[in-house]
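The lines below spell out each chain.
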Amino acid sequence: MSTELALWCVLAAPIAQALLVVVLSRPPGLRDAVYFLLACAGAGCTFYLVGAVAAGETARVVLARPLPNVDLAFSAEPLGALIAALVLGLGAPHAMHTIGMVRATRERAPARLMALCTLAAAAAVAVALSANLFSFFVAYQALILAAFPLVAHRGDEDSRRAAGIFLATLMASSIGLFLPAMVWTYAIAGALDFQPGGVFAGRVDPLTANVLLVLFVLGLATTAIPPMHRWLAAATAAPYPALVSIYALTILPAGGVGVLKIAAFVFGPALSDAAIAARALMVLAGVGMCMAALLALSKQDLRERLAYSCMAQSLAVVTGALLALPAGLFAATLQIVALSCAAVTLLMAVGTVAAVTGRVNGSDYAGLGRVMPVTFAGFALAAASMIGMPPFSGAWAKLWLITASAASGLVWAAALVGLAAVLTFAHLGPLAANALAAKAPSDAINRPDGASIVLAAPVVVTALATLWLLVLADPLASFLSPIWTPRP
Amino acid sequence: MFAAPLAGAALVVLTPMARLAWFVAATSAIVAAAFALDLTASTLSVGAANGVGLFATALVACCAAVVMVGAGALLKDWSARAAPFGLALGLCVGAGWTGALLAADFVGVFLAAETAWLAGVALVALSGERERGALNGALRMLGAGAVASALFLLGVGLIGAGAGTLRLAALPAVQITNPGVTATGMGLVLTALALKAGVAPLHSWAGAAFGRGSRFAVLVLGSVGAVGALATLVRVAAFAIPAPAIATGVAAALAALGAVSVVVGSLQAIGASNVRRLAAYAGAAQAGGVLISVALGSTAGFAAALVQMFALAAAAIILLGGSAALGGVQLLSAFDGLGRRAPLTSAAMTLGGLSLMGAPLTIGFLGRWRLIEAGVGAEWWWAAVAAIALSLAGVFYCGRLIERLYVRRAREAFVGGDPWRLALAPALVAGAGAITLGLAPDSLLRTAAMAAAQLWNGAP
């Protein structure tokens, strides 16, 4: 298989998966088999693509040319390939978990839920693999439009209102801030292609660079950067499989990769010209990170607690990307990986608990680890990763982030990252410990068969994925080095 | 182009059978569209001073043809006796605006525009056969039209006195002896045309006419009448702006009117609970964007205006054609859950909505992009802000429509089903056009750029 074909497959596999799930929605067994097998096929394609990119191959596909000098194009480069592999790789266990959830909760519209989760994944992959700002914007808009019905999936008045907030916040910021920044970039550079070293080098004055950076970063509201984070709490109205998709696999990672692409491929060294805006945004992200972790502590509903916890992790990505250092970019990339692995595990575990026991509040989790040991083992591992405890993914990401912040003389940024980690421990550590150590409740399980294998196994698989940076951090650094090493 | 629909209208009136009348009407509209396309292609490629007019003529003629084809499914709105008259009036609206776009002087523009406007009034009045409220709409149109005619004639008089000529093509080169009087006259003419194009806040007639008219009447008014009037306004401005003595005043007036129309139209569209009114107000907001583009006074600005007019026409046909195809469903609440029951119509309307939002890969995005680009190029930053505001407002009012189509559940029985019939043809054709030209816009952009560039060839 050529790299270009692999790229096509990666882009098309989730779309085909969504269509087939809808077309073959009955019988449910066939639907579920198609859903899971195609998720595995998509994951296989992305792993192949990562292998090809690691071997130095590149590929670019052009779908259309909607504007002069601007293609709707996607390319296989290290950052995009890695995030695509993350989204579709974690998408396979998420597919299995979704199958279990729709059965356990007797979901009314399972095919629609599955198809929308898959379309959101397709859009997130397209965001990651976009070859220029225009393609990024197209895929980003598609992602918002695909995720919006997920929030409204329940169909009641509350979820509709939440979906309205979700759509309005994300659309308004992308159209009101990101789009003008993109057009301005086009006016300055005459093209919108992502390229290592950036397109702004030597082309922008400091004032323009500062304004553009603010527009770009605030326009990417999917990072949940304050004050554009209202969508985050609204999205908790979504059912659990959709929550996993939104917080762990599509929306937050897409925001993270967007900021990374802007920092590395649009600004590059010109980011130093926007130092004032970068510092201001880092303060915003750093303070937002700590506030989000603090807010998470105040939430009893696990969906809300994890939403704010994910927000704190996502803002760490923004902090890393804006450091204007290769180490910062690497830390931000690791942070996206760590966030996705940990968040997908935690949210699937919480979904499993809700489906099996009906418990959604942290205060009701005491002792549940004794009756659902596999699920809570995964929960504990992922919580440790989210906190930043070694040897899990989150630890390496935070270590790099703190090191990079300190190296660039921003000790306060390193301190904020550390403080956020402590607050994350406060809202996740005692919860996991209480679930595992307290006395088991007598009436925990309200399903006769407990947690089925399709609900428990994915939690374990993704929890183990939080360990992979332990051995792969170094190869990953050399794999990602083209991001911050411009071609001569 | 001008004669085919008029001859068709005469034939249609004489045809006793409604179906046969529709066939004749559709054929003559298609013939006129074919001539218009041929004329535009052949004349633009060799150079012509009336580039904007030619581009817009093809657009208006094509809109009229698409609407006429779809009219076959809307004949039941009228009695057998009234149907041929309705079709003939629809043809007259198209022919009138085509004439205004090709007229050589202000008098020709006035006569052709009056023909089109009065045909539109009669078309809405004919809807009173079933819905008495339509007569109210027709009366409002008549009153607004009378005001517009008076303003137009007064303006023509002032232009004649100030510039010494009523020929459009002579305006950029003529020695204007009294710029103040000429600019005032031009302002009155443009105001009159803006009123007929439904530009806010001069669109007081639009609510009643769109809300009460028959499906065909509303489709013709929204996608042929309003687009034709707006195109005529752009064409007249295209001859006025290259005239140095009056350019600044005309541009300022158009910019102010455009900005007000963007704000007022968007706010009204956000508050609309009726899809036809929503289309009318959204059209007013989009027309504001067109006026701002024209006010930029550059080739890029006029090219942006032409692309936006195209997008506006496509969106109007999709929204009004979609509503017509669903049996004239008007209230937004009636669209709840239609995504499942009428998937094809809903998909077309979603496309129209996305285009109005300025979503990427639609023709609406292209128009918005061109406006921002032209605004930034001229350092009119507020024009770029207005374009963004248009899109943001579009997210609210079209997002609401799409949310109703796909997220909400139907509260009442829907008897229409998804009509794979002629009624859906306009919405589908326009939807396909919106997405195809959004994906591969080269030919449209090239044509618009040529049309706009040729305008300046005649300037001193």
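Residues numbered from 1 in each chain as written. Chains lettered and ligands numbered in written order. Predicted model: local features only at pLDDT ≥ 70, side-chain atom pairs only at ≥ 80, totals over all residues.

Caption draft 1: Structural context of the overall build of chain B. Along the backbone of chain B there are 18 helices and zero strands. Relative to the compact-globule value of 23 Å for 460 residues, chain B shows a C-alpha radius of gyration of 20 Å, a close match. Relative to its full complement of 460 residues, chain B shows a buried share of 66%. Within chain B, contacts between residues at least 6 apart in sequence are counted, and of these 79% link residues at least 24 apart. (Helix = DSSP H or I, 4+ residues; strand = E, 2+ residues; numbered from the N terminus. Rg over C-alpha atoms; globule rule 2.2 N^0.38 Å. Buried ≥ 20, exposed ≤ 12 C-beta atoms within 10 Å, placed from the backbone. Contact = placed C-beta atoms within 7 Å.)

Caption draft 2: Layout of the overall build of chain A. Summing up its helical and strand segments, chain A has 19 helices and two strands in all. Since a compact globule built from 488 residues should have a radius of gyration of about 23 Å, the 21 Å found for chain A is in line with a globular shape. For chain A, the residues scored as buried account for 63% of the 488 residues in total. Long-range pairs, those at least 24 residues apart, make up 81% of the contacts in chain A between residues at least 6 apart in sequence.

Caption draft 3: Inspection of the nonpolar core at higher detail. With 436 residues, the main nonpolar core has A:Leu143 and B:Met309 as its most contacted residues. Among all residues touching B:Met309, those that are not within four sequence positions of it are B:Ala56, B:Leu59, B:Val227, B:Leu230, B:Ala231, B:Val234 and B:Val290. (Core = buried A, V, L, I, M, F, W, Y, C linked by C-beta atoms within 7 Å.)

Caption draft 4: Focus on the pairing of strand 2 (residues 70-76) of chain A. Residue and element names in this part refer to chain A. Of all seven residues in strand 2, six are buried, a share of seventy percent or more. Pairing geometry for strand 1 (residues 59-67) and strand 2, over six bridges, is antiparallel. Its bridge partner being in strand 2, alanine 64 is matched across the sheet by leucine 72. (Pairing = 2+ DSSP bridges.)

Caption draft 5: The interface of chain B and chain A, seen in detail. Each partner contributes to the interface: chain B provides 21 residues, whereas chain A provides 22 residues. The set of elements that each furnish at least two residues to the side of chain B that touches chain A consists of helix 15 (363-377), helix 16 (381-406) and helix 17 (425-439) of chain B. For the side of chain B that touches chain A, the leading source of residues is helix 16 of chain B, giving seven residues. Of the residues assigned to the side of chain B that touches chain A, the class counts are 16 nonpolar, three polar and two charged. (Nonpolar A, V, L, I, M, F, W, Y, C, P; charged D, E, K, R; others polar.)

Caption draft 6: Local environment of unusual backbone geometry. For the bond running from A:Arg26 to A:Pro27, omega is 0 degrees, close enough to zero to count as cis. By the element assignment, A:Pro27 lies in the loop between helix 1 (3-23) and helix 2 (28-54). A cis amide bond links A:Pro390 to the next residue, A:Pro391, at an omega of 10 degrees. With respect to the helices and strands, A:Pro391 occurs in the loop between helix 15 (373-387) and helix 16 (393-407). Look at A:Ala224: it is not a glycine, yet its phi comes out positive at around 70 degrees. For A:Ala224, the position within the fold is in the loop between helix 7 (206-219) and helix 8 (230-234). In this model, B:Glu379 sits at a positive phi of 60 degrees, which is unusual for a non-glycine residue. You can see B:Glu379 is positioned in the loop between helix 15 and helix 16.

Caption draft 7: Local environment of helix 17 of chain B. Residue and element names in this part refer to chain B. For helix 17, spanning 15 residues, the distance from its first C-alpha to its last is 21 Å, which sits close to the expected 21 Å at 1.5 Å a residue. Most of helix 17 is tucked away, with eleven of its 15 residues classed as buried. All buried positions along helix 17 are accounted for by Ala425, Pro426, Ala427, Leu428, Val429, Ala430, Gly431, Gly433, Ala434, Leu437 and Gly438. (Expected span 1.5 Å × (residues − 1).)

Caption draft 8: Summary view of helix 19 (residues 469-484) of chain A. Most pronounced at A:Pro475, the bend in helix 19 of chain A amounts to some 35 degrees. Turning to helix 19 of chain A, its buried residues number three or more, namely A:Leu469, A:Leu476, A:Leu480 and A:Ile483. (Bend = angle between axes of the 7 residues up to and from the residue.)

Caption draft 9: Seen up close, the packing of helix 6 (residues 133-163) of chain B against helix 8 (residues 204-212) of chain B. All names here are of chain B. For the pair helix 6 and helix 8, interaxial distance at closest approach is 8 Å and the crossing angle is 150 degrees. Here helix 8 runs roughly antiparallel to helix 6, going by the angle between their axes. In the packing of helix 6 onto helix 8, the handedness of the crossing is left-handed. Across the interface between the two elements, Gly133, Ala134, Asn136, Gly137, Arg140, Met141 and Ala144 of helix 6 pack against Ser204, Trp205, Ala208, Ala209 and Arg212 of helix 8. (Axes fitted to C-alpha atoms, helices over the stretch in contact; angles between N-to-C directions. Parallel < 35°, antiparallel > 145°, perpendicular 65-115°, else oblique. Left-handed = near helix turned anticlockwise from the far one by under 90°.)

Caption draft 10: Region of the structure containing the environment of A:Tyr240. Residue and element names in this part refer to chain A. Mapped onto the secondary structure, tyrosine 240 falls in helix 9 (residues 240-249). Judged by C-beta crowding, with 24 C-beta atoms within 10 Å, tyrosine 240 ranks as buried. Considered as a pair, tyrosine 240 and arginine 303 are 63 residues apart in the sequence and their alpha carbons are 8.4 Å apart. In contact with tyrosine 240, not counting residues within four places along its chain, are Met101, Leu347, Gly351 and Ala354.

Caption draft 11: Structural view of the packing of helix 14 (residues 343-357) of chain B against helix 16 of chain B. All names here are of chain B. Relative to each other, helix 14 and helix 16 sit at 165 degrees, their axes nearing to 8 Å. With respect to helix 16, the element helix 14 is oriented roughly antiparallel. Helix-helix and strand crossings are classified by hand; for helix 14 and helix 16 the assignment is left-handed. Only Ser391, Gly394, Val395, Cys398, Leu401, Ile402 and Leu405 of helix 16 make contact with helix 14, whose side of the interface consists of Ser346, Met349, Thr350, Gly353, Leu356 and Met357. Of the residues belonging to the contact of helix 14 with helix 16, the class tally is eight nonpolar, five polar and no charged.

Caption draft 12: Highlighting the confidence of the model for chain B. All names here are of chain B. Taken over all residues, the pLDDT of chain B has a mean of 87, while the share at 70 or more is 95%. Averaged pLDDT values for the elements of chain B fall to 79 in helix 18 (residues 442-457) and rise to 93 in helix 5 (residues 106-126). In the predicted assembly, ipTM is 0.76 and pTM is 0.85. (pLDDT = per-residue confidence, 0-100.)

Caption draft 13: Broad picture of the environment of A:Pro326. All names here are of chain A. Looking at the element boundaries, proline 326 is found in helix 13 (residues 326-357). Take proline 326: there are 16 C-beta atoms within 10 Å of it, and that puts it in the partly exposed class. The spacing of proline 326 and glycine 268 is 58 residues in sequence and 9.9 Å in space, taken between C-alpha atoms.

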